[in-house]
Amino acid sequence: MTRSQKPSVFQIGRVWDDGDTVVVSGWGLGLCAAACACHRHPSAGSLAIAEDQARGLIGLVSYRHDCDCCEPWTAEELTAIVRDLEMVAALDAPEPLAG
């Protein structure tokens with residue numbers, strides 16, 4: 001298994017896959033750990049999401065062609081995030097004792 005840098009996720013969305021098209025909706029992405037300037041618009045300084053529905057990818061627009069600081073999230077990875085969060089939410093965790 002290889003790990004690579006990904007944009008940060010600050011909002012969990014949904015993933016729909018009908019077999020032909022993958023729609024990734026409602027996700028909020030922020031800078032990756034490198035936080036390089038390649039993802040910031042040259043004049044506005046804002047971030048923009050890059051989505052590839054045909055391949056099921058979501059990442060950040062890069063304004064520099066030679067930057068490879070991070071790679072987009074795949075629909076499979078985002079589906080795993082949703083699944084893991086649902087499993088954690090379903091855990092029956094008793095409240096700690098007041099002491």
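Residues numbered from 1 in each chain as written. Predicted model: local features only at pLDDT ≥ 70, side-chain atom pairs only at ≥ 80, totals over all residues. Heavy atoms only, no water.

Chemist: Help me out: how do you make sense of the nonpolar core in this one?
Modeler: Side chains of a nonpolar character, in soluble globular proteins, are inclined to be buried together. Counting residues in hydrophobic clusters, the biggest one holds 10 residues: V22, V24, W27, L29, I58, L60, W73, A75, L78 and I81. Broken down by secondary-structure element, the contributors of at least two residues to this core are β3 (22–25), β6 (57–60) and α1 (75–90). For this core, the element with the most residues is α1, which contributes 3 residues. Here L78 is in contact with V15, V24, W27, I58 and W73, once residues within four sequence places are set aside. Grouped together as the second largest cluster of nonpolar side chains are 6 residues, C36, C38, C67 and C70 included. (Core = buried A, V, L, I, M, F, W, Y, C linked by side-chain atoms within 4.5 Å. Buried < 20%, exposed > 50% of the residue type's maximum accessible area, 1.4 Å probe, protein only. Helix = DSSP H or I, 4+ residues; strand = E, 2+ residues; numbered from the N terminus. Contact = heavy atoms within 4.5 Å.)

Chemist: Explanation requested: the sheet that holds strand β7 (residues 73–74) in the structure shown.
Modeler: Strand pairs in the sheet, formed through backbone hydrogen bonds, run parallel or antiparallel to each other. Taking strand neighbours across the sheet as the criterion, the 3 strands line up as β5-β6-β7 in an open arrangement whose pairing is antiparallel. Of all the strands in the sheet, just β5 (49–52) and β7 have a single pairing partner and so form its edges. Alignment of β6 against β7, held across 2 bridges, turns out to be antiparallel. Counted as the bridge partner of L57 is T74 from β7. (Pairing = 2+ DSSP bridges.)

Chemist: What's the story with the pairing of β6 in this structure? I'm lost.
Modeler: As a general feature of sheets, a regular strand has side chains that alternate between the two faces. Burial along β6 is two-sided: L57 and G59 and I58 and L60, pointing in opposite directions, are all buried. Here β5 pairs with β6 via 4 bridges, running antiparallel. The partner of D52 across the bridge, within β6, is L57.

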